[in-house]
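Survey of secondary and tertiary structure
Single-letter residue listing:
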Amino acid sequence: MVKKKASYYTTVDSSGNFSFNNLREDTYRVYALKDMNNDKVYNGNDEWIGFLNDSITLNQNVSGLLLEYTKGVPNIFRNLEKKIDNDGAILLTFNRPLQEPDLRIISPNQLDNNKLIKYKPTLDTAKIYLENLEFDSLKIEVAENNTPIDTIDLRKARNLKIDNTIVPKLNINNKVDRIKHIEFTSEYPIASVDKNKILILEDSVSRRNFQLQTRFIE
């Protein structure tokens, strides 16, 4: 964390440009900060920061400085949120992205065999889908780069009502695009689809000469 405010600071415009005026000749360190609470110091967590690699010796006008800033990564891994959603999915949120993540259910360990995991692109959130939801509690091992880094204990609420009804979403409306494939997706994973139970009508005539492909979307 940074506890001392900068000696000089300015803000960027909508294009990310910034300028300082009337600085005395001296050596400076330059950094950019996305300040979330307007205290002008870096507090970690959700704030972003970036530095120039080297100091600047200012003895003339300087232009063209480029700074890339990014969200800070905590040194210590922590689980921020753990819960079972109403659809039965286990939601886990972490305080930083995981490199080569792996989640393993170590108790009851038989639930680990057929689990399905979906990570957000940021790799700081995961959802675990289980076939069997008849459990009272879970113990989940979190690993990064094949190394265990944490164990999460999760207890299912007694009054939890689970509704994992699958509601497909179609990518078409009443007008069919003859080039674009008809797709239907679901937030909840679908293990298999019975083609015989899909009814496609064209001018009230059933069409059976279609191909069905399934894929898992990350």
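Above this note sits the structure.
Let us look at the structure shown here. (Residues numbered from 1 in each chain as written. Predicted model: local features only at pLDDT ≥ 70, side-chain atom pairs only at ≥ 80, totals over all residues. Heavy atoms only, no water.)

**Re the overall build of the chain**
Where we set the bar: The numbering of helices and of strands both runs from the N terminus, where a helix is a DSSP run of H or I of at least 4 residues and a strand a run of E of at least 2. Radius of gyration means the value over C-alpha atoms here, while the globule rule gives 2.2 Å times the residue count to the 0.38 power. Each residue is assigned to one of three classes by its accessible area relative to the maximum for its type, calculated with a 1.4 Å probe on protein chains only: buried under 20%, partly exposed between the two thresholds, exposed over 50%. Contact definition: two residues touch when any of their heavy atoms are within 4.5 Å. Per-residue and other accessible areas follow the Shrake-Rupley method at a 1.4 Å probe size, with only the shown protein chains counted as cover for residues. Two residue types count as positive, namely Lys and Arg, and two as negative, namely Asp and Glu; His and chain ends fall outside the count. Here the site of a charge means NZ on Lys, CZ on Arg, CG on Asp, or CD on Glu.
Within the chain, the regular secondary structure consists of zero helices and 16 strands. Taken over the C-alpha trace, the chain has a radius of gyration of 26 Å; the compact-globule value for 218 residues is 17 Å, which it surpasses by more than 25%. A principal-axis box enclosing the C-alpha atoms of the chain has dimensions of 80 × 50 × 30 Å. Taking all 218 residues of the chain together, 24% fall into the buried category. Within the chain, residue pairs in contact and separated by at least 24 positions form 47% of the contacts whose partners lie at least 6 positions apart. Accessible surface, the chain as shown: approximately 17000 Å² in total, 46% of it carbon and sulfur. Once the 31 positive and 31 negative side-chain charges of the chain are each reduced to a mean point, those two points are 4 Å apart.

**What to know about the packing of aromatic side chains**
Selection rule: Aromatic contacts are taken between Phe, Tyr and Trp rings whose centres are within 6.5 Å, Trp giving its six-membered ring; a plane angle under 30 degrees counts as stacked, one over 60 as edge-to-face, and the others as tilted. Lysine and arginine charges are scored as sitting over a ring when NZ or CZ, respectively, is within 6 Å of the ring centre and within 35 degrees of the ring normal.
Counted according to the given criterion, the structure contains five aromatic pairs. A ring pair is formed by Phe 18 and Phe 20, whose centres lie 6.3 Å apart and whose planes are at 75°; its orientation type is edge-to-face. You can call Phe 18 partly exposed: its relative accessible area is 30%. Each ring, one from Phe 77 and one from Phe 94, has its centre 5.2 Å from the other, and the planes form 45°; the classification is tilted. Of this pair, Phe 77 sits in the loop between β5 (70-71) and β6 (79-84) while Phe 94 sits in strand β7 (residues 90-94), and the two are 17 residues apart along the sequence. We note that Phe 77, like Phe 94, is buried. Lys 34 extends its terminal NZ or CZ atom over the ring of Trp 48, reaching a point 5.3 Å from the ring centre.

**Things to note about unusual backbone geometry**
The peptide bond linking Ser 107 to Pro 108 adopts the cis configuration, its omega dihedral lying at -10°. Along the chain, Pro 108 falls in the loop between β8 (101-107) and β9 (116-119). With a phi close to 60°, Asn 22 is a non-glycine residue in the positive phi region. One can find Asn 22 in the segment before β1 (26-28).

**Here we look at the side chain of Thr 125**
To keep things clear, this is the line we draw: Contacts described as polar in this section are N or O atom pairs within 3.5 Å, which, within protein, must combine one atom able to donate a hydrogen with one able to accept it, while residues neighboring in sequence count only if both atoms come from side chains.
Mapped onto the secondary structure, Thr 125 falls in strand β10 (residues 125-129). Judged by relative accessible area, Thr 125 falls into the buried class, the value being 11%. Within the structure, Thr 125 has its side chain in polar contact with the side chain of Asp 124 (distance 3.3 Å).

**Re the layout of surface pockets**
Test applied: Only protein atoms enter the 1 Å grid, on which a cavity is a set of points fitting a 1.4 Å probe that cannot get out and a pocket is an open set with protein on both sides within 12 Å along at least 5 of 7 lines, lining residues being those with an atom within 4 Å of a point. Grid points are joined across faces, edges and corners, and a volume is the space filled by probe spheres set on the points. All amino acids are sorted into three groups, where Ala, Val, Leu, Ile, Met, Phe, Trp, Tyr, Cys and Pro are nonpolar, Asp, Glu, Lys and Arg are charged, and the leftover types, Gly among them, are polar.
A volume near 1400 Å³ is recorded for the second largest pocket. At the level of elements, β1, β2 (31-34) and β4 (56-58) are the ones that each hand at least two residues to the lining of the second largest pocket. The biggest single contributor to the lining of the second largest pocket is β2, with four residues. Residues belonging to the lining of the second largest pocket are distributed by class as follows: 19 nonpolar, 15 polar and six charged.

**What about the nonpolar core?**
Rule in force here: Each nonpolar core is a collection of buried residues, namely Ala, Val, Leu, Ile, Met, Phe, Trp, Tyr and Cys, held together in the definition by side-chain atoms within 4.5 Å.
Residues Ile 90, Leu 92, Leu 103, Ile 128, Leu 130, Leu 138 and Ile 140 are the most contacted members of the largest nonpolar core, which totals 21 residues. Elements that contribute at least two residues to this core include exactly β7, β8, β9, β10, β11 (137-144) and β12 (147-155). Each residue touching Ile 128, except ones within four places of it in the same chain, is listed here: Gly 88, Ala 89, Ile 90, Leu 92, Leu 103, Lys 115, Leu 116, Ile 117 and Ile 140.

**Focus on the side chain of Thr 93**
Mapped onto the elements of the fold, Thr 93 is located in strand β7. Looking at Thr 93, the relative accessible area reads 17%, which means it is buried. Setting aside its immediate chain neighbours within four residues, Thr 93 contacts Arg 78, Asn 79, Leu 80, Glu 81, Asp 124 and Thr 125.

**Overview of the pairing of strand β3 (residues 48-51)**
The following threshold applies: Pairing between strands is defined by DSSP: at least two bridges between them are needed.
Alignment of β2 against β3, held across four bridges, turns out to be antiparallel. Bridge pairing links Leu 33 to Ile 49 in β3. Examined bridge by bridge, β3 and β5 share two bridges and lie antiparallel to one another. Each residue of the ladder has a partner; that of Trp 48, found in β5, is Lys 71.

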